[in-house]
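# Fold and contact review
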Amino acid sequence: MVVIKVLVTGAAGQIAYSLLYSIANGDVFGKDQPISLVLLDIKPMMSVLEGVFMELQDCSLPLLHEIIPTDNVEVAFKDIDAALLVGAMPRRDGMERKDLLKANVKIFENQGAALNMYAKKTVKVLVVGNPANTNCLIAMKSAPTIPPQNFSCLTRLDQNRATSQIAVRLGLSCSAVKNVTIWGNHSSTQYPDTTHANVCNNDGNVTVYKAVKDDEWLKGGFVQMVQQRGAAVIKARKLSSAMSAAKAICDHVRDWWHGTSEGHWVSMGVISDGNNYGVPEGLIYSFPVTIKDQKWTVVKGLSIDTFSRERMDESAKELVEERDMALEFLSKSA
Ligand SMILES: NC(=O)c1ccc[n+]([C@@H]2O[C@H](COP(=O)([O-])OP(=O)(O)OC[C@H]3O[C@@H](n4cnc5c(N)ncnc54)[C@H](O)[C@@H]3O)[C@@H](O)[C@H]2O)c1
């Protein structure tokens, strides 16, 4: 089988530490798919990255054809088939949202340009580093020779959190819950929507609303819990989600690579063409999608009630503001 080249940025960071083993072990691209793994981080992290490199070697993984640790963007993006852009500028104490966005625009503009220049035109790009939707938009805009459909951002962690909370509430396995949707931004305005979700329980296949029998919770406490889950993990762990983020990255990329199963959809931040669910054109917005032949399609025709409409619009509004601010930084750096 032909070796594929997979880049992970932020490779010396904590998400990468939970992620790299699964990728190299074949859990994402397939158990028979040899991989050349490229690890990019910034210069001050090279000694840590060397340790990660050694550990990956020590795992003695048969699919791991080659490991390339580097701080050189050209080396990192050369001929890659998949880019998992995890590294980003973290928010420091006292840092304004505007300054954080500005620093990240610079990073994702450079990485978008590198994708444009060095990567395969078929490359699939997943942006994880926050603010993920807007960073994804900047990378996409900086890589005009790569189809916009090849860019996505991670909202699968939010989907997994939501699915799991429904399962816990019903005392079921999370595999019994399907088609929970995350709409919008990977931020506290995201909207976890169970209107069209189903569970398989003793009554057969029923809607989540029917199974839970607590509309107030599904529209209130549940939504807030999912929206605030990242902050709750930070409060408890003094570090942001890493193991669950890595698992969600694996789920996202595996489904993009191999497709979704019949009757299931997943949530991904993807480019809006303006024709779906009243979301403005040109935003990277989380939609329910199905995937076939490595191409995603937004699930059409879901009914949207007033409660959902308000939340979906609120998240779109936040994304428009973020986009406008980011594009201003981008035009100034041009
Ligand atoms: N979308 C999501 O669901 C989701 C979930 C969890 C975390 N995140 C985000 O993922 C990012 C990474 O989280 P983490 O916990 O691994 O952080 P971390 O601070 O442990 O690691 C980040 C790594 O990125 C590196 N880095 C910074 N700038 C870089 C650049 N220009 N090129 C390459 N590497 C660079 C850093 O040196 C560091 O090693 C953060 O932005 C976090 O907010 C997103």
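First, a word on scope: everything that follows refers to the structure included in this document. (Residues numbered from 1 in each chain as written. Predicted model: local features only at pLDDT ≥ 70, side-chain atom pairs only at ≥ 80, totals over all residues. Heavy atoms only, no water.)

## A closer look at the packing of aromatic side chains
Tallied over the entire structure, the rule returns six aromatic pairs. Geometrically, the ring pair formed by W183 and F287 is edge-to-face, given 6.4 Å between the ring centres and 80° between the ring planes. Here the residue W183 occupies a position in strand β8 (residues 181-183), and F287 occupies one in strand β13 (residues 284-292), the gap between them amounting to 104 residues. Taken individually, W183 and F287 each receive the classification buried, so the pair is uniform in this respect. On the numbers, 5.2 Å between centres and 50° between planes, the contact of Y285 with F287 is tilted. Of the two residues examined, Y285 and F287, each falls in the buried class. Each residue in the set W183, Y277, Y285 and F287 is aromatic and connected to the rest through ring pairs, giving one cluster. Here the basic side chain of R169 rests over the ring of W217, its NZ or CZ set 4.4 Å away from the ring centre. (Phe/Tyr/Trp six-rings, centres within 6.5 Å; stacked < 30°, edge-to-face > 60°. Helix = DSSP H or I, 4+ residues; strand = E, 2+ residues; numbered from the N terminus. Buried < 20%, exposed > 50% of the residue type's maximum accessible area, 1.4 Å probe, protein only. Lys NZ or Arg CZ within 6 Å of the ring centre and 35° of its normal.)

## Details of the pattern of salt bridges
What the rule picks out here adds up to 15 salt bridges. Put simply, D158 and R161 hold a salt bridge, and the shortest N to O gap is 3.5 Å. Linking D158 with R161, this pair stays in helix α6 (residues 156-170), spanning three residues, or about one helical turn. The buried category is assigned to D158, whose relative accessible area is 0%. Across the salt bridge formed by D251 and R254, the nearest N and O atoms sit 3.1 Å from each other. A residue pair is termed a helical-turn pair when its members lie 3 or 4 positions apart in one helix, as D251 and R254 do in helix α10 (residues 243-258) at three residues. Looking at D251, the relative accessible area reads 4%, which means it is buried. Overlapping salt bridges, with partners in common, bring together R156, K247, D251, R254 and D255 in one network. (Salt bridge = Lys/Arg side-chain N within 4 Å of Asp/Glu carboxyl O.)

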